[in-house]
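# Working through the structure, step by step
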Amino acid sequence: MIELKTHSEIEAMKPAGRFVGGILHDLQERTKVGTNLLEIDEFVHQRIVDRKGAQSCYVDYAPDFGTGPFAHYICVSVNDAVLHGVPYDYDLKDGDLVSLDLAISVDGWVADSAVSFVVGKDKDPEDLRLIKCTQEALAAGIAAAQPGNRLGDISHAVGDVARAYGYPINLDFGGHGVGHIMHGDPHVPNDGKAHHGYKLRPGLVIAIEPWFLKTTDEIYQDPKDGWTLRSEDGSRGAHSEHTIAITEDGPIVLTQREGDPISAEFKG
Ligand code: MG
């Protein structure tokens, strides 16, 4: 069931959004060559402990697409891993492509956001292009999230950007409704038909999350941890995500992140 939020509920969701955006910003600043993935996880753990009313959406999460309860505070996906990456004992190397996906509830409201970047000096232009594509697709999806449009307009806008870049699109995982729980209705696929589907209206809060792999739309679950999704052909992936609210005046980004142009464009 799709639940619409009142104006005051959307206001109440903003602290969670700023909290998640702030942590991702800080992680992007401090994640370097040599940073261990478990350090990233511990950083998030500590921030949650220090924040009254904050609760991880990941710890003990056990949906049917994972194996057993998730046991970490953040998803860290590196290189050919693109979604649901389980942090493990690994020191990042020059040129690694890192995707951080973080969902936390604050005072009972969830915010969900993801960012990808390359660490070190040896940045492959192809990796930067892939990341840029997910960012542009996210911005296009948000821009299409206008009252009166349809859900398919968001999906179509996201998919169009991937097509323009020439990246394949996987439809198994996409965006979703956000509220008191992390994964609610509606599902927001990363491609779809314009002018089709649920009619968008003020009060709809969703995560839009384009993620693409360079040369395949096939993924497999890493049997080592039962969660991490990797590209079938070893090609790298990237992921950009914001939780947004549709208002009378258009879409606003709830997961505001300092230095992020998309947050600034849809500040509300
Ligand atoms: Mg997410």
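This structure is a prediction, so every number in the text was calculated from the model and none was measured. (Residues numbered from 1 in each chain as written. Predicted model: local features only at pLDDT ≥ 70, side-chain atom pairs only at ≥ 80, totals over all residues. Heavy atoms only, no water.)

Quick look at the pairing of strand β13 (residues 242–247) now. Every regular strand shows the same layout, with side chains that alternate between the two sheet faces. For β13, the tally of buried residues reaches 6 of 6 residues, placing the bulk of the element in the interior. Where burial is concerned, the two faces of β13 agree: the one with His242, Ile244 and Ile246 and the one with Thr243, Ala245 and Thr247 are both buried. Strand direction decides the pairing type here: strand β8 (residues 205–208) and β13, joined by 4 bridges, are antiparallel. Bridging from a neighbouring strand, Ala207 pairs with Thr243 of β13. Note that β13 and strand β14 (residues 250–253) share 4 bridges and pair antiparallel. Residue Thr247 lies in a different strand from β14, and its bridge partner there is Gly250. Adjacent in sequence and paired antiparallel, β13 and β14 are bridged by 2 residues. (Buried < 20%, exposed > 50% of the residue type's maximum accessible area, 1.4 Å probe, protein only. Helix = DSSP H or I, 4+ residues; strand = E, 2+ residues; numbered from the N terminus. Pairing = 2+ DSSP bridges.)

For the structure on display, the rule yields 7 aromatic pairs. Plain terms: the ring middles of Tyr58 and Phe70 are 5.8 Å apart, the flat faces sit at 70 degrees to each other, and that makes the pair edge-to-face. With Tyr58 in the loop between β1 (54–56) and β2 (75–78) and Phe70 in the loop between β1 and β2, the pair connects residues that are 12 residues apart, well separated along the chain. Taken individually, Tyr58 and Phe70 each receive the classification buried, so the pair is uniform in this respect. Here the aromatic rings of Tyr165 and Tyr167 are separated by 6.0 Å at their centres, their planes lie at 20 degrees, and the arrangement is stacked. When its relative accessible area of 7% is taken as the criterion, Tyr167 is described as buried. One aromatic cluster in this structure is built from Tyr58, Tyr61, Phe65, Phe70, Phe173 and Trp227. The cationic tip of Arg51 hangs over the ring face of Phe19; the distance from NZ or CZ to the ring centre is 4.9 Å. (Phe/Tyr/Trp six-rings, centres within 6.5 Å; stacked < 30°, edge-to-face > 60°. Lys NZ or Arg CZ within 6 Å of the ring centre and 35° of its normal.)

Here we come to the nonpolar core. Ranked by internal contacts, the top residues of the largest apolar core, which has 32 residues, are Ile142, Ile154, Ile206, Ile208, Phe212, Ile244 and Ile262. When residues of this core are traced back to their parent elements, those giving at least two are α3 (125–143), α4 (151–165), β8 and β13. Membership of the second largest hydrophobic core comes to 27 residues, among which are Leu27, Tyr90, Leu100 and Val115. (Core = buried A, V, L, I, M, F, W, Y, C linked by side-chain atoms within 4.5 Å.)

Let's shift gears to the coordination of the magnesium ion. Donor atoms from the polypeptide that coordinate the magnesium ion comprise Asp101 (OD), Asp112 (OD) and Glu241 (OE), at 2.0 to 2.1 Å from the metal. Mapping the donors of the magnesium ion onto the primary sequence yields the spacing D-x10-D-x128-E. Here Asp101 is found in strand β4 (residues 97–106), whereas its partner Asp112 is found in strand β5 (residues 109–118), with 11 residues between them in sequence. Neither residue differs from the other here; Asp101 and Asp112 are each classed as buried. (Donors = N, O, S within 2.8 Å, 3.2 Å for Na, K, Ca; no water.)

So, about the UniProt feature "domain: Peptidase M24" (unreviewed entry) in the protein. UniProt's feature table lists "domain: Peptidase M24" (unreviewed entry) at residues 11–248, given in the numbering used throughout. Across residues 11–248, the secondary structure splits into 29% helix and 25% strand, with the terminal C-alpha atoms separated by 14 Å. (UniProt positions renumbered as here; feature names shortened; annotations may be inferred.)

Here the focus is unusual backbone geometry. What is expected of a backbone is that most residues other than glycine have negative phi and most peptide bonds are trans. The linkage connecting Asp185 with the following residue, Pro186, adopts the cis geometry, with an omega of 0 degrees. In this structure, Pro186 sits in strand β7 (residues 184–188). The residue His84 is not glycine, and still its phi comes out positive at about 60 degrees. As for its placement among the helices and strands, His84 is situated in the loop between β3 (81–83) and β4. With a phi close to 50 degrees, Asp107 is a non-glycine residue in the positive phi region. Here Asp107 is to be found in the loop between β4 and β5. Accessibility expressed as a relative area gives 59% for Asp107, which makes it exposed.

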